[in-house]
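# Descriptive analysis of the structure
Below, each chain spelled out in residue letters.
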Protein chains: 2
Amino acid sequence: MGTDQAPRGPRPQVIVVGAGFAGMAAVRELRDVDVDVLLLDRDPFNTFQPLLYQVATGGVNPGDITYSLRAFAARFPNTRFRRAAVTGVDTARRRVRLDSGADVGYDYLILCCGVTANFFGIPGAEENARTIYSRRAAIGVRDRVLSNLESVAQGRDGAVEPVVVVVGGGATGVEMAGALAELRNTGLPLAYPELDPQRARVVLVEMADDVLAPFEPGLRRYAADALRERGVDLRLGVAVKEVRRDCVVLSDGECVPSAVTIWATGVRAHDRVSAWGLRQGRGGRIQVEPDMRVVGHSDVFAVGDVAAKVDGAEPQLAQPAIQGGRHAARQIRRLLEGKPTEPFRYRDKGIMATIGRSDAVVQLPGRVRLRGFVAWAGWLGLHILALMSNRNRLATMANLAVRYLTWKRTANVIMGDPP
Amino acid sequence: MGTDQAPRGPRPQVIVVGAGFAGMAAVRELRDVDVDVLLLDRDPFNTFQPLLYQVATGGVNPGDITYSLRAFAARFPNTRFRRAAVTGVDTARRRVRLDSGADVGYDYLILCCGVTANFFGIPGAEENARTIYSRRAAIGVRDRVLSNLESVAQGRDGAVEPVVVVVGGGATGVEMAGALAELRNTGLPLAYPELDPQRARVVLVEMADDVLAPFEPGLRRYAADALRERGVDLRLGVAVKEVRRDCVVLSDGECVPSAVTIWATGVRAHDRVSAWGLRQGRGGRIQVEPDMRVVGHSDVFAVGDVAAKVDGAEPQLAQPAIQGGRHAARQIRRLLEGKPTEPFRYRDKGIMATIGRSDAVVQLPGRVRLRGFVAWAGWLGLHILALMSNRNRLATMANLAVRYLTWKRTANVIMGDPP
């Protein structure tokens with residue numbers, strides 16, 4: 001049942017807001033708990049965010065990295081899905097207000113609605129740069145990059161030179177720049193023979209002196225060298241002052257022409273979170289106690305990217321979100337059993353970033369450091385395993401394998417319907 | 001090079017307008033002919049039309065039935081692709097005018113730009129019905145069907161009852177109605193447990209007394225029975241008088257409520273063809289001589305759905321288009337060698353239509369008739385083989401196989417980004 005049309009059952013109601021890594025982990029963990037779960041999300045599908053840069057470069061189908069949330073909910077007898085955005089949280093009455101105008105009661109609430117791009121107030125960034133934090137946005141980047149190439153190849157009047165500027169040298173920016181460089185190096189000469197490949201450029205701008213800050217210096221240098229080898233124009237130690245329609249102004253005064261600017265500098269909570277009346281910290285993250293309950297609320301949890309522990313925030317990655325979602329579900333079970341909550345302890349499973357075909361960096365806890373093909377194979381296997389369903393796993397594996405084996409020959413990309 | 005930016009080479013220039021079955025067959029056949037080929041299409045990709053109904057029901061990825069035309073052209077050293085619509089044909093000066101304003105000269109022209117839906121002037125049909133003749137349109141149907149289900153499941157005010165009316169009982173209509181019935185029978189109970197499956201209905205309206213007119217009576221009856229068994233509300237011998245926003249008015253006076261109306265009654269040439277000054281026949285088809293040259297023009301061929309021979313039109317199917325495209329290319333080779341043209345002889349390879357999972361009808365030349373699972377397996381194998389690239393073939397096979405094996409359990413569908 002779990003919706004406001006149906007009478008509230010005798011079982012406690014848990015509402016999970018957001019069906020990303022954290023929300024899905026919570027739903028899975030609540031499977032055997034004697035509660036009714038209502039899963040809410042603005043989209044009717046879950047998005048596997050780590051492969052959005054592949055969607056943005058035409059490498060995988062949008063449908064291969066998304067999974068129907070109704071199909072997901074159907075796996076759990078105690079769970080229902082409803083497509084809705086949360087517009088308000090009434091913690092006193094324990095009700096959540098939805099964009100449809102309806103409101104729904106809860107006994108426990110898990111907030112894990114993720115984050116969005118942080119433009120840090122840079123002039124023009126929000127208006128003129130694109131992001132790849134949602135499937136819609138990634139498809140938009142793909143269609144824009146490909147129509148720009150077509151316009152330039154046709155020599156159309158007003159076609160902007162095919163330069164993509166990626167702002168931000170974290171994992172998102174590095175993966176995007178690496179994939180674009182590959183499109184340029186391998187795809188362009190085949191698919192756009194009338195275009196001088198030298199005209200197409202990929203620029204990566206990073207304020208720090210290194211890419212991939214969370215990695216140790218050796219891997220950072222390796223990644224920077226690997227990007228440069230692929231022809232990425234790496235601008236380190238330079239900030240972005242302004243983003244204009246067709247150029248990016250850097251702190252050293254240079255104005256880099258840009259047909260597509262991709263913003264990957266960092267994230268912040270969605271604006272609507274601030275209407276919920278919860279205490280927020282840096283980047284708008286909801287502040288939580290060590291047990292992941294929102295400060296001042298005994299029945300509201302916040303986990304994943306949107307939450308930050310007052311005693312030290314976890315990194316905004318898939319693993320802390322998955323572990324956090326699971327933790328919140330377990331604490332609800334404990335509370336229902338009359339037990340006290342436990343603090344959340346994040347178990348670091350390591351970090352990885354891919355630079356391109358057959359090349360990645362992996363940093364595991366302890367001393368294990370991988371780079372190159374071995375790291376990439378590990379990255380590939382882990383990502384495919386993590387995809388949501390058998391369906392996606394197999395199809396994505398087929399897609400990526402065929403792409404890996406044939407792409408140098410075929411240069412096929414997945415295309416949208418740009419105007 | 002083959003575009004107007006480049007000087008015309010010494011080799012004869014062949015322009016192929018439209019990259020469907022006919023256009024791609026022509027390009028392939030011209031591979032070893034000493035000509036420069038310019039392939040034009042409004043879209044940057046080829047669409048495998050026979051599986052559009054699967055896109056429209058969330059069964060396959062749009063990207064799995066489309067193939068980059070630049071990647072296709074890259075396989076043929078004498079071929080270039082350009083994304084453009086043809087707005088005019090100047091047969092006297094042998095030039096083709098493009099929507100960009102440019103015009104391009106040709107020595108031989110192959111027109112194979114396909115067809116679009118024919119609304120036969122039925123009031124409201126063009127405004128209120130949807131088609132599945134393009135990828136964009138099929139995605140639109142999918143998104144509309146799924147958002148309607150979500151609205152109804154949420155009990156939103158003004159949500160139209162989940163009834164889909166398919167108009168036209170040819171192969172397109174039958175395949176669409178069959179796939180929708182499956183979505184209703186298998187997917188709905190799992191994914192929309194709050195919705196009474198009886199409320200969701202699929203209605204198929206056909207003016208004739210039978211579905212699948214080109215098939216022999218035994219297979220027609222088999223298909224009708226199979227659709228009824230799947231719960232399709234079959235209305236035979238009834239015409240559509242009017243299509244309104246939320247209902248379809250039949251010739252017997254009944255007004256069938258309809259959340260989504262799909263128009264599959266037949267096809268006609270695109271409007272822009274009439275501006276080309278060529279003789280057109282029924283359904284706007286360009287009239288061609290037995291050798292597939294346009295009546296009155298010795299250097300212009302028309303093949304595929306858009307063409308009709310004055311001595312008897314071929315059916316508007318993939319096979320006549322493929323054979324026609326190949327034929328036109330061969331005739332150009334003959335003309336260049338100073339030989340006379342040959343008449344086009346269509347070799348009938350049979351017809352097939354799928355009704356649903358494990359069920360289809362196949363009618364081969366001679367006496368071979370197949371129905372049920374064997375027919376469906378044949379249909380599946382043939383369609384997968386026909387998909388354009390290794391990439392698409394493998395990924396689509398994986399997609400369809402996993403769907404076949406797991407769908408009853410998972411009910412996963414591919415979803416778009418409806419508002």
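Residues numbered from 1 in each chain as written. Chains lettered and ligands numbered in written order. Predicted model: local features only at pLDDT ≥ 70, side-chain atom pairs only at ≥ 80, totals over all residues. Heavy atoms only, no water.

Residue and element names in this part refer to chain B. Taken as a whole and judged by the stated rule, the model has one disulfide over all chains. Note that Cys247 is cross-linked by a disulfide to Cys255, the S-S spacing being 2.5 Å. Taking the torsion about the S-S bond as the criterion, the Cys247 to Cys255 disulfide, at about -40°, is left-handed. Overall, Cys247 belongs to the buried group, its relative accessible area being 7%. Of the cysteine sulfurs around Cys112, a residue in no disulfide, the closest is that of Cys113, at 7.3 Å. On the basis of relative accessibility, which here comes to 14%, the residue Cys113 falls in the buried class. (Disulfide = S-S within 2.5 Å. Buried < 20%, exposed > 50% of the residue type's maximum accessible area, 1.4 Å probe, protein only.)

Here the focus is the packing of helix α1 (residues 21–30) of chain A against helix α8 (residues 318–336) of chain A. Residues and elements named next belong to chain A. Between α1 and α8, whose axes approach to 7 Å, the crossing angle comes to 35°. Crossing hand, α1 versus α8: right-handed. Across from Phe21, Ala22, Ala25, Ala26, Glu29 and Leu30 in α1, the residues of α8 making contact are Ala318, Ala321, Ile322, Gly325, Arg326, Ala329 and Arg330. (Axes fitted to C-alpha atoms, helices over the stretch in contact; angles between N-to-C directions. Helix = DSSP H or I, 4+ residues; strand = E, 2+ residues; numbered from the N terminus. Left-handed = near helix turned anticlockwise from the far one by under 90°. Contact = heavy atoms within 4.5 Å.)

So, on to the packing of aromatic side chains. All names here are of chain A. Applying the stated criterion across every chain, the model contains eight aromatic pairs over all chains. Both rings, one in Phe119 and one in Trp263, keep their centres 5.8 Å apart while their planes meet at 35°; by these two values the pair is tilted. With Phe119 in the loop between β10 (115–117) and α4 (125–128) and Trp263 in strand β17 (residues 260–263), this pair connects stretches of sequence that are 144 residues apart. Stacked on the ring of Phe45, the Lys or Arg Arg135 has its end atom at 4.1 Å from the ring centre. (Phe/Tyr/Trp six-rings, centres within 6.5 Å; stacked < 30°, edge-to-face > 60°. Lys NZ or Arg CZ within 6 Å of the ring centre and 35° of its normal.)

Before going further, it helps to spend a moment on the sheet that holds strand β20 (residues 300–302) of chain B. Residues and elements named next belong to chain B. Judged by pairing direction, the sheet is parallel, and its five strands sit side by side in the order β5-β2-β1-β9-β20 without closing on themselves. Because the sheet does not close on itself, it has two edges, and the strands there are β5 (79–83) and β20. When strand polarity is set aside, the average angle formed by the axes of neighbouring strands in this sheet is 20°. Bridge analysis of strand β2 (residues 36–41) against β5 gives five bridges, and the strand direction is parallel. (Pairing = 2+ DSSP bridges.)

Without other data, these values stay purely geometric and don't point to any function.
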